[in-house]
Amino acid sequence: MENMDLADIEIRRSARRTLALEVRDDGQVIVRAPLKMPQATIEHFLQEKATWIARTQGRVALRQFDAGDAPTEAEIASWKWAARHDLALRLNYWAPRIGVDPGKLSIRCQHSRWGSCASGTRTISLNCQLMRVSEELRDYVVVHELCHLLQPNHSPAFWALVGRQLPDYRTRRKALRDIHLW
């Protein structure tokens, strides 16, 4: 590989079927690969994705520069406290409109996602860092995760559900992608 040094790329093998790429906040590239996939296949994949990797590393560096210093423990504690109230109210507002009955609400400080949904337990996990963004973006994440209780994937049917509640969800989704998670 000409432009990329394999020594700078972490390869994590596991019992999976596909290759996946991740560019972390520090610019580190992680490749997730099946246990028995040949090294040559992984290297070819990385060559094909070299432009995407470089572009993504540039975006990550710019976002991090714009975001400033990492939050303190006190700031994170403050976000968690505020999120328990604010996000619970949003969940209670949107759930009946969507027609779902969520189970537990979990508030965590996550570094890679704004929210998640465990449809089996009906647990909605939301990032306390949502308290850093506008109410419109918080509503988008809550609606997104609640819709996963009806559609556990990102199929056209899922996006139609989200769109029924938030016709401007594409704009909100794009705005959220431009915000750096600590």
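The structure presented is a predicted model; accordingly, all values stated were derived computationally and were not measured.

Colleague: A description of the pairing of strand S5 (residues 115-118) should follow, citing residues and the corresponding values.
Modeller: Note that S5 and strand S6 (residues 123-127) share four bridges and pair antiparallel. Considered in S6, the bridge of Ala118 is made with Thr123.

Colleague: Lay out the sheet that holds strand S1 (residues 9-14) in plain terms, naming residues and giving numbers.
Modeller: Within the open sheet, the three strands sit side by side as S1-S3-S2. Their pairing is mixed. Edge strands, defined here as strands with exactly one partner in the open sheet, are S1 and strand S2 (20-23). The average angle at which neighbouring strand axes cross in this sheet is 20°, direction not considered. Lying over the sheet, helix H1 (residues 39-48) contacts S1, S2 and strand S3 (29-34), oriented at roughly 130° with respect to S1.

Colleague: Go over the packing of aromatic side chains with me, naming the residues and quoting the values.
Modeller: Applying the stated criterion across every chain yields a total of three aromatic pairs. Note on Tyr93 and Trp94: the rings are 5.0 Å apart at their centroids and 85° apart in plane angle, and the pair reads as edge-to-face. By relative accessible area, Trp94 is classed as buried at 8%. Each ring, one from Phe158 and one from Trp159, has its centre 4.8 Å from the other, and the planes form 75°; the classification is edge-to-face. By the burial criterion, Phe158 is buried, and Trp159 matches it. In this structure an aromatic cluster arises from ring pairing among Phe158, Trp159 and Tyr169. For Arg97, the ring lying beneath its charged end belongs to Tyr93, and the centroid distance is 3.5 Å.

Colleague: Requested: an account of the layout of surface pockets, with residues and values cited.
Modeller: When its volume is computed, the largest pocket comes out at roughly 1200 Å³. Ser112, Arg113, Trp114, Arg177 and Leu181 are, among the 29 residues lining the largest pocket, the residues nearest its centre. Counting residues per element, the lining of the largest pocket draws most heavily on helix H2 (residues 50-67), which supplies five residues. Partitioned by chemical class, the residues of the lining of the largest pocket number 11 nonpolar, nine polar and nine charged.

Each value, and the rule that gives it
Residues numbered from 1 in each chain as written. Predicted model: local features only at pLDDT ≥ 70, side-chain atom pairs only at ≥ 80, totals over all residues. Heavy atoms only, no water. Pairing = 2+ DSSP bridges. Helix = DSSP H or I, 4+ residues; strand = E, 2+ residues; numbered from the N terminus. Axes fitted to C-alpha atoms, helices over the stretch in contact; angles between N-to-C directions. Contact = heavy atoms within 4.5 Å. Phe/Tyr/Trp six-rings, centres within 6.5 Å; stacked < 30°, edge-to-face > 60°. Buried < 20%, exposed > 50% of the residue type's maximum accessible area, 1.4 Å probe, protein only. Lys NZ or Arg CZ within 6 Å of the ring centre and 35° of its normal. 1 Å grid on protein atoms, 1.4 Å probe; cavity = no way out; pocket = protein on both sides within 12 Å on 5 of 7 lines; lining within 4 Å. Points joined across faces, edges and corners; volume = space filled by probe spheres on them. Nonpolar A, V, L, I, M, F, W, Y, C, P; charged D, E, K, R; others polar.

The values reported here are purely geometric and, on their own, carry no functional implication.
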